[in-house]
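These are the residues of each chain, in order.
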Amino acid sequence: MIAGYSLLFAVSRSFVEFERLDRHQQLVASLSEGLRDGRVTLPLPQGLGVEAQWANSRFADPAQTIRSTDGRVWLISRTRLPAQNHEHAASVLEVRQDITASVARSQRDLLLLIAVAGVSALFTSALLRLVIWRGLIQPLRGFTRELEQLEADSLGVHVLDPAQQPSELLAIVEAFNQLQQRLAEAWLRERHFVDGVAHELRTPITVISSHAQRLQAEPSPASTAAVALIAAEAKRLGELISVMLDFARVDAGRLTLAVLDHAPEALLLEAFERLQGLAPERLQLAPSVDDDLPRIRADADRVHQCLAALVENALRYSEGSVQLGVSASTNGVTLHVCDQGPGIPIAERDQVLERFARGSTASGTQGSGIGLSLVNGLMRAMQGELLIGDAHGGGADLQLRFNTSDRPPEP
């Protein structure tokens, strides 16, 4: 559009200059004919806006525009004519035409054209903005909201209605809906697979564990070590299957939680009593440094599961004492599991929260790399978070941070 108006300006200006030059040439031709037949004599009368005189020059010049010191604009040309008589030997006629009014009128017309072009451009811009807003930006924002609402368990549910979308986005909407359907089918197959495998494995593991326990009750010198190994591996497989089921429930949003108000000191003490049998000489309970800690919103069983996983990791990857503690801050209440091991490097702290990922300090020890990932998933399900810090004096400080309850503590 701008290029079109620019071309229109150039053509209009050229046309005006060509028309002005043509009228000047017609004026010169008329004066020349009048001088030849005697109808016109020089000098011309004043007030006509035209001056003519014989020039003291032998050369003709094309018409050119000159602006005088008083601001007036003249179109001046010199034209060679045949000698009129012996008194006027000069044969070059100089004509000066006052075109000030014509130039002003042309400038006014051009300014008017520029104003019209500006208003037209503004109107077109506003109209184009409205079209882009209604036809592109709003549908894209709706598309973005749909993407933000997508979760693994809702794939294929929040589909876009092609009838409500502009034709420009129709192909994208249809492709997006088809992608959702394919992802939903793949996710459903994966979830059914995990659930099926977990349930199918649970039965033989239970049988192996029960037979191993029966053999342990009636031990024989030849089978004691083998039975103990069978029982340990069956227990480990059972725990792994439980973790897989928890992962599947967390991913699908089907994890059942009994979130209630709890006193953090009571939760920590109960967990300590449950876990002390793992390493009585290493597991310690730190004295509380805060009085009247606020209550937290959490599922007690899941909190104990998280603390058990963190304590087992700390006992496995460190050799010193493992200490359980609690603290409060403006951000909430935090349960701490601190060890005296090598710690977790800052660059690896996000990595170790991924499934089946282990840090560099875990090399040489047995583990599946799913403990911290499960704790992280459970904490998110309880609207909390798992943080990794450095313990005082060296080692790792694994922190379970919970939101506090608005209810006052019970007397």
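The coordinates are above.
Each chain carries its own residue numbering, running from 1 in the direction its sequence is written. Only residues with pLDDT of at least 70 get local features here, since the model is predicted, and only at 80 or more are side-chain atom pairs given and counted; chain-wide, interface and lining totals rely on the full set of residues. Computation of side-chain values covers all heavy atoms of the structure but excludes hydrogens and water.

The next subject is the overall build of the chain. Note on conventions: DSSP H or I runs of at least 4 residues are helices, E runs of at least 2 residues are strands, and numbering of each starts at the N terminus. The helix and strand inventory of the chain stands at 7 helices and 11 strands. When burial is assessed residue by residue, the chain has 35% of its 411 residues classed as buried. Counting contacts in the chain only where the partners sit at least 6 residues apart, residues at least 24 apart contribute 63% of the total. On the chain, roughly 25700 Å² of surface is accessible, and the fraction owed to carbon and sulfur atoms is 56%. Accessible area is worked out with a 1.4 Å probe on protein chains only. A residue is then buried under 20% of its type maximum, exposed over 50%, and partly exposed in between. Any two residues whose heavy atoms approach within 4.5 Å at even a single point are treated as in contact. Only the protein chains shown count as cover for residues, with accessible areas throughout obtained via the Shrake-Rupley method and a probe of 1.4 Å.

Taken as a whole, the largest pocket spans an internal volume of roughly 1300 Å³. Around the largest pocket, the lining is made up of 43 residues, and of these Ala309, Glu312, Asn313, Arg316 and Gly371 lie nearest the centre. Among the secondary structure elements, those contributing two or more residues to the lining of the largest pocket are helix H4 (224-252), helix H6 (300-317), helix H7 (371-381) and strand S11 (396-402). Here the element with the most residues in the lining of the largest pocket is H6; it accounts for 9 residues. Amino acids are sorted into nonpolar (Ala, Val, Leu, Ile, Met, Phe, Trp, Tyr, Cys and Pro), charged (Asp, Glu, Lys and Arg) and polar (every other residue, Gly among them). Of the residues belonging to the lining of the largest pocket, the class tally is 18 nonpolar, 15 polar and 10 charged. Method remark: on a 1 Å grid restricted to protein atoms, a set of points is classed as a cavity if a 1.4 Å probe fits but cannot get out and as a pocket if it is open with protein on both sides within 12 Å along at least five of seven lines; lining residues have an atom within 4 Å of a point. Grid points are joined across faces, edges and corners, and a volume is the space filled by probe spheres set on the points.

This part is about the pattern of salt bridges. A carboxyl oxygen of Asp or Glu within 4 Å of a side-chain nitrogen of Lys or Arg is what we treat as a salt bridge. One pass over the full model with this rule turns up 9 salt bridges. In this structure, the salt-bridge partner of Arg23 is Glu19, at a minimum N-O distance of 3.4 Å. With Arg23 and Glu19 both in helix H1 (residues 2-37), this residue pair falls 4 residues apart, about one helical turn. Here Arg23 falls in the partly exposed class, since its relative accessible area comes to 37%. By relative accessible area, which is 36% here, Glu19 ends up partly exposed.

Right, let's talk about the side chain of Arg302 for a bit. Looking at the secondary structure, you find Arg302 in helix H6. Apart from residues lying up to four places away in sequence, Arg302 is in contact with Asp246, Leu255, Thr256, Leu257, Leu378 and Met382.

We now examine H7. With respect to burial, H7 is a largely interior element, 8 of its 11 residues being buried. Buried residues of H7: Leu372, Ser373, Leu374, Val375, Asn376, Gly377, Leu378 and Met379, and no others. Following H7 by one or two positions, Gln383 adopts a phi angle in the positive range, close to 60°.

So, about the sheet that holds strand S10 (residues 385-390). Strand pairing is assigned whenever DSSP detects at least two bridges linking the two strands. Strand order in this open sheet of 5 strands is S6-S8-S9-S11-S10, and the pairing throughout is mixed. With partners counted over all chains shown, the strands left at the sheet margins are strand S6 (283-285) and S10, one partner each. On average, adjacent strands in this sheet sit at an angle of 25° to one another, irrespective of strand direction. As paired elements, S6 and strand S8 (residues 322-329) share 3 bridges and run parallel to each other. By the bridge assignment for S8, Gln284 is matched with Gln323. Running at roughly 30° to strand S9 (residues 332-338), H6 makes contact with S6, S8, S9, S10 and S11 of the sheet. Interaxial angle, 0 to 180 degrees, is taken between N-to-C directions of lines fitted to C-alpha atoms, where a helix line uses only the stretch in contact.

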